[in-house]
Amino acid sequence: MSEPWRRGDRAGHTAAAPPAGPWRTTGRRVYADLEFPIEVTFSYDPDDPWAVRVSFGEIGRTVDWTLSREMLYTGTRASCGEGDVQLWPLRAGGRAGRLRIRLGGTGVPVMVDVDRAALRRWLSTTFDTVPAGTEVERIDWAAEATHIGPGVAPRPPED
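What you are looking at is a predicted structure, and each value in this text was computed from that prediction instead of being measured. (Residues numbered from 1 in each chain as written. Predicted model: local features only at pLDDT ≥ 70, side-chain atom pairs only at ≥ 80, totals over all residues. Heavy atoms only, no water.)

Q: Please clarify how the environment of T76 should be interpreted in this entry.
A: Structurally, T76 can be placed in the loop between helix 1 (69–75) and strand 5 (80–82). If we ignore the near neighbours within four places in the chain, the residues touching T76 are P89, L99, R116, L119 and R120. (Helix = DSSP H or I, 4+ residues; strand = E, 2+ residues; numbered from the N terminus. Contact = heavy atoms within 4.5 Å.)

The structure is reproduced here in structure tokens:
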């Protein structure tokens, strides 16, 4: 399977690509030496192109996190993260292995494993929808400026 994206490579990607649908899977919540099944849903909104929403738990009783799309992609290959979010690939149990997601700061963190190859396939659809490096083109900067406060006007693009 080819890589879902490379920096600066937009060949084969179009702005009209269909949006990536949510990916629902059963992950494994890891606590000490025990593992429990947990429902995990990954969602992507092209209007918030740098973010992936991750919901843990059953519908109506979820804990939602917003993670960096690029960080998730990087985490499928190498350890990454900062602060309350840490990711690393687990290769045991087969070539594809799993991705460990560690959430939480001080105290007892929550750790969940998901299928690494399946996550990479789903992330690939998000990069088909909004290729890496084009995210800034999706932002309505005038609308974003209204959230900052009065008297802040967006700068017109320089030629």
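Q: What exactly am I supposed to notice about the pairing of strand 7 (residues 98–103) here?
A: Taken residue by residue, a regular strand's side chains alternate between the two faces of the sheet. Of all six residues in strand 7, five are buried; the element is thus mostly enclosed. With six bridges connecting them, strand 6 (residues 85–90) and strand 7 associate as antiparallel partners. Its bridge partner being in strand 7, L90 is matched across the sheet by R98. Where strand 7 lies against strand 8 (residues 110–115), six bridges are found, and the strand directions are antiparallel. What sits directly across from R102, in strand 8, is M111. (Buried < 20%, exposed > 50% of the residue type's maximum accessible area, 1.4 Å probe, protein only. Pairing = 2+ DSSP bridges.)

Q: Looking at this structure, I do not really get unusual backbone geometry. What am I missing?
A: Backbone phi values are negative for most residues with the exception of glycine, while trans is the configuration of most peptide bonds. The backbone of A32 sits at a positive phi, close to 55°, despite the residue not being glycine. By secondary structure assignment, the location of A32 is in the loop between strand 1 (23–31) and strand 2 (34–43).

Q: Would you take a moment to explain the pairing of strand 4 (residues 61–68) for this structure?
A: Where strand 3 (residues 51–58) lies against strand 4, eight bridges are found, and the strand directions are antiparallel. Opposite S55, over in strand 4, you have D64 as the bridge partner. Counting the residues between successive antiparallel strands, the hairpin from strand 3 to strand 4 contains two residues, one of them, G60, with a positive phi of roughly 90°.

It is worth stressing that arrangement in space is one thing and function is another; only the former is reported here.
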